[in-house]
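Structural overview
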Amino acid sequence: MVGASAAGLAAAETLRREGYDGALTLVGDEPHAPYDRPPLSKQVLAAEWQPERLALRPPADLAALDLDLRLGVAATGLELAERTVQLADGTQVPYDGLIVATGVRPRRLPGAGAHVLRTLEDALLLRDRLGPGLRLVVVGAGFLGAEAAAVAWRLGAKVTLLEPAPVPLAHAVGAEIGAMLTRAHVERGVDLRCGVTVSEVTQNGGRLADGELVEADEVLVAVGSQPNTEWLVGSGLAVGDGVVCDEYCEAARNVYAAGDVARWHNPLFGTSMRIEHRTHAAEQGMAAARNLLRPDARKPFAPVPYFWSDQYDMKIQAYGHLRGHDEVAVVDGDLAEGRFVAAYRTGDRVRGALAVGMPPRALRPWRQAIAAGASWGEAVRTDATVTRA
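First things first, this report covers the structure right here in the doc. Bear in mind the structure is a predicted one, so any value in this text is a computation, not a measurement.

Moving on, we come to the sheet that holds strand β20 (residues 271–273). Spatially, β16-β19-β20 is the arrangement adopted by the three strands of the open sheet, whose pairing is mixed. Of all strands in the sheet, those with a lone pairing partner are β16 (243–244) and β20, marking the two edges. Sheet analysis places strand β19 (residues 262–266) next to β20, joined by three bridges and oriented antiparallel. Paired with N266 across the bridge in β20 is T271.

Here you go:
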């Protein structure tokens, strides 16, 4: 396995659990043993958790896997014909089967001095800066930027949130729900500016495309990520916004991909997708490992993706594939009150559901409907509040 985070670890554990007792190498470019990333923008940034709490497994459990653990060394190349992975330290690791789980890295903006939020070191560096009165500019009002902005506000920082879209998150959750989610920032005094583009980061803040400088003591750039696939250039693997895989997560003979880096065909939705969520990474790591280990009994990987986000006092949860939807319907609760379930239609099918401030049981029937390929007419009441995407 190349990639020592949630997907790579899940693959290693699955191989052992399913009876593989041969040599097993886990390569990771960070020096840390596998750790959990979602808390970086929440509990770690808020100084509620110390780094050791992030460990995905205690040392004894890792030792029991009997891994050849290569940490702090990146993969630099892949030779499919020779079945070897080249590492940055000059060594070559031979393989009979390979799982690529190298994840993603943050996109950056021109200039210097900006923070990003992907690794433990990123979170600790920004955490050390946050405090009462600090002026923080967050570029990007997606889920990561919104979570960090909420934490910084709670710690007393003066937060400016800059977003190029007219309505944050509208492309994913719909304009009305995107507006509702971001009202939570405005109501707390966060300076939210939409429809603005940051052209560069300076030591004094973020410079907009029109030349205005939004002054800040610190700048966090949260404008998305890009898959770590450069080491695969020239390898023969198909790469296009991730490692391109079939419905079994296979990219080439005896080579599979899992987690944030994998773009695979999800037969449940009939489309290719790449998912950057923690739960999904572990599930795909397990599926890829099983298919690699038992090629004659392979099963398509057809999950209902799940993600969550915590912002202020809002708990946001979602199932399915919300992007590209045609309609949104509030099917439970009240959007204005900030407690609701919304269902998403693509074509004539229910393809997603999102809940804010609702118990998990409120979403379970919708997950089942998505998994069953339920039609919109079967699942959504005629009196539901429906809005055109």
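Listed in full, the buried residues belonging to helix α8 (residues 364–371) are W366, A369 and I370. Here the buried residues of α8 occupy an arc of 100° about the axis, which is enough to place them on one side. The inward-facing, buried residues of α8 abut β22 (314–320), β23 (327–334), β24 (339–346), β25 (349–356) and α9 (376–379). Just beyond α8, the residue with positive phi is G373, at close to 70°.

Reading across the sheet, the three strands line up as β11-β12-β13 and stay open at both edges, with antiparallel pairing between neighbours. Edge strands, defined here as strands with exactly one partner in the open sheet, are β11 (198–202) and β13 (213–215). Taken over all neighbouring pairs, the strand axes of this sheet differ in orientation by 25° on average, direction set aside. With four bridges joining them, β11 and strand β12 (residues 205–208) adopt antiparallel strand pairing. Within the sheet, the bridge partner assigned to V198 lies in β12 and is L208.

A few words on the state of the cysteines. Under the counting rule described, the total for this entry stands at zero disulfides. Residue C249 stays outside any disulfide, its sulfur separated by 6.2 Å from that of C245, the closest cysteine.

What follows covers the packing of aromatic side chains. Enumeration over the complete set of coordinates arrives at five aromatic pairs. Here Y306 and Y319 contribute two aromatic rings whose centre-to-centre distance is 4.8 Å and whose plane-to-plane angle is 40°, an arrangement assigned as tilted. Here the residue Y306 occupies a position in strand β21 (residues 306–311), and Y319 occupies one in strand β22, the gap between them amounting to 13 residues. Assigned by exposure class, Y306 and Y319 land together as buried. One aromatic cluster in this structure is built from Y306, W308 and Y319.

At a minimum axis distance of 7 Å, the contact between helix α1 (residues 6–17) and helix α7 (residues 278–293) shows a crossing angle of 40°. By the criterion of interaxial angle, the relationship of α1 to α7 is oblique. For α1 against α7, the interelement crossing comes out right-handed. Along its contact with α1, which presents A6, A7, A10, A11, T14, L15 and R17, the element α7 presents R278, A281, A282, G285, M286, A289, R290 and L293. Grouping the amino acids of the contact of α1 with α7 by side-chain chemistry returns 10 nonpolar, two polar and three charged.

Working definition: two side chains of opposite charge can pair if their charged atoms are close together. Tallying each qualifying case throughout the model produces 26 salt bridges. Residues R345 and D326 are paired through a salt bridge, measuring 3.7 Å at the closest nitrogen-oxygen approach. Within this pair, whereas R345 is found in strand β24, its partner D326 is found in the loop between β22 and β23, the two being separated by 19 residues in sequence. Overlapping salt bridges bring together D241, R263, R274 and E276 as one network.

Structurally, the position occupied by E48 is in the loop between β1 (25–28) and α2 (59–64). Note: C-alpha distance between E48 and R129 (81 residues apart in sequence) is 15 Å. In this structure E48 touches Q43 and R154, once residues within four positions along its chain are discounted. A polar atom in the side chain of E48 sits 3.0 Å from the side chain of R154.

Relative to β24, β23 runs antiparallel, the two sharing seven bridges. Considered in β24, the bridge of V330 is made with A342. Between β23 and β24, which pair antiparallel and follow one another directly, the connecting turn spans four residues, one of which, G338, has a positive phi of 75°.

By size, the foremost hydrophobic cluster in this structure holds 68 residues, and its most contacted members are V85, I99 and V100. Contact partners of I99, with chain neighbours within four places excluded, come to M1, V2, A11, Y256, A258, A288, A289 and L292. In terms of nonpolar packing, the next biggest core, distinct from the first, is built from 26 residues, L54, L126, V138 and L161 among them.

In this section: the environment of E378. Inspection of the secondary structure assignment puts E378 in helix α9. In this structure E378 comes out as exposed when scored by relative accessible area, which is 65%. Taking the C-alpha atoms as reference points, E378 and E147, separated by 231 residues in sequence, lie 35 Å from one another.

Rules used in this analysis
- Residues numbered from 1 in each chain as written.
- Predicted model: local features only at pLDDT ≥ 70, side-chain atom pairs only at ≥ 80, totals over all residues.
- Heavy atoms only, no water.
- Pairing = 2+ DSSP bridges.
- Helix = DSSP H or I, 4+ residues; strand = E, 2+ residues; numbered from the N terminus.
- Buried < 20%, exposed > 50% of the residue type's maximum accessible area, 1.4 Å probe, protein only.
- Arc of directions from axis to C-beta.
- Contact = heavy atoms within 4.5 Å.
- Axes fitted to C-alpha atoms, helices over the stretch in contact; angles between N-to-C directions.
- Disulfide = S-S within 2.5 Å.
- Phe/Tyr/Trp six-rings, centres within 6.5 Å; stacked < 30°, edge-to-face > 60°.
- Parallel < 35°, antiparallel > 145°, perpendicular 65-115°, else oblique.
- Left-handed = near helix turned anticlockwise from the far one by under 90°.
- Nonpolar A, V, L, I, M, F, W, Y, C, P; charged D, E, K, R; others polar.
- Salt bridge = Lys/Arg side-chain N within 4 Å of Asp/Glu carboxyl O.
- Polar contact = N/O pair within 3.5 Å; in protein donor to acceptor, adjacent residues only side chain to side chain.
- Core = buried A, V, L, I, M, F, W, Y, C linked by side-chain atoms within 4.5 Å.

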